[in-house]
Amino acid sequence: MARARYPNRDKAFEIYKEHNGTITNRAIAEILDVPEKTIGSWKSKSKDNWNEKLNGVLRKKRLEENVAHLLAIFMRKATEVTRTLLLRNETLMQ
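For every chain, the first residue of its written sequence is number 1, and the numbers climb from 1 along that sequence. Totals for whole chains, interfaces and linings use every residue, but because this is a predicted model, local features are given only for residues with pLDDT of at least 70 and side-chain atom pairs only at 80 or more, for both listing and counting. The side-chain quantities take in all heavy atoms of the structure and omit both hydrogens and water.

## Overview of the nonpolar core
No. 1: Definition used in this section: a nonpolar core is a set of buried Ala, Val, Leu, Ile, Met, Phe, Trp, Tyr and Cys residues joined via side-chain atoms within 4.5 Å. Between buried and exposed lies partly exposed: a residue is buried under 20% and exposed over 50% of the maximum accessible area for its type, with that area taken using a 1.4 Å probe on protein chains only. Counting 13 residues, the largest nonpolar core has Ala12, Tyr16, Ile28, Leu32, Ile39 and Trp50 as its most contacted members.
No. 2: Going through the elements one at a time, helix H1 (7-18), helix H2 (25-32), helix H3 (36-44) and helix H4 (50-93) are the ones with two or more residues in this core.
No. 3: Under the DSSP-based scheme used, a helix requires at least four consecutive residues in state H or I and a strand at least two consecutive residues in state E, with every element numbered from the N terminus. Broken down by element, the residue count for this core peaks at 4 residues, all from H1.

So, in structure tokens, the structure goes:
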């Protein structure tokens, strides 16, 4: 029978995720009072693969931010074009 999953393993990933992957293994180990090598092992296991999980979350967030940014640029350009056309129209009507 397999051992139960160590509960701090999931807590460690949550801490890593809260810090957007910028926290060190040592800092996580100190928070959870476990050996630093244990954190490194959990982090790199193909089953857990923290970086891939985190990048999946971040990629989606970045994509949403990029779409919002591009929409803002588009709206600015559309406003500029509209103003230019209105000014030209006014000039032609005079």
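## Points about the environment of Arg83
No. 1: Note that Arg83 resides in helix H4.
No. 2: Among the residues examined, Arg83 registers a relative accessible area of 56% and is labelled exposed.

## Comments concerning the pattern of salt bridges
No. 1: Definition used for salt bridges: Asp or Glu carboxyl oxygen within 4 Å of a side-chain nitrogen of Lys or Arg. For the structure on display, the rule yields 4 salt bridges.
No. 2: Linking Arg5 and Asp10 is a salt bridge whose minimum nitrogen-to-oxygen distance equals 3.1 Å.

## Quick word on unusual backbone geometry
No. 1: Within the chain, Asn20 stands out as a residue other than glycine whose phi angle is a positive 50°.
No. 2: Examined against the element boundaries, Asn20 turns out to sit in the loop between H1 and H2.
No. 3: Of note in this structure, Asp33 is not a glycine but carries a positive phi near 55°.
No. 4: Along the chain, Asp33 falls in the loop between H2 and H3.
No. 5: The exposed category is assigned to Asp33, whose relative accessible area is 72%.

## Topic: the packing of H1 against H2
For any two helices packed against each other, the geometry comes down to the angle between their axes and how far apart the axes lie.
No. 1: To obtain an axis, a line is fitted to C-alpha atoms, over the contacting stretch when the element is a helix, and the angle between two such axes runs from 0 to 180 degrees between their N-to-C directions. It is at 10 Å that the axes of H1 and H2 come closest, and there the two elements cross at 130°. Taken together, the axis directions place H1 and H2 in an arrangement best described as oblique. The handedness of the crossing between H1 and H2 is right-handed. Counting all contacts with H1, which are made through Asn8, Lys11, Ala12, Ile15 and Tyr16, the residues of H2 involved are Ile28, Ile31 and Leu32.
No. 2: Taken together, the residues that form the contact of H1 with H2 break down as 6 nonpolar, 1 polar and 1 charged. An angle below 35 degrees is read as roughly parallel, one above 145 as roughly antiparallel, one from 65 to 115 as roughly perpendicular, and any other as oblique. Helix crossings fall into two classes, left-handed where the near helix is turned counterclockwise from the far one by less than a right angle and right-handed where it is turned clockwise. Note on contacts: a residue pair qualifies if any of its non-hydrogen atoms lie within 4.5 Å across the two residues. Any residue that is not Ala, Val, Leu, Ile, Met, Phe, Trp, Tyr, Cys, Pro, Asp, Glu, Lys or Arg is counted as polar, Gly included; the first ten are nonpolar and the last four charged.

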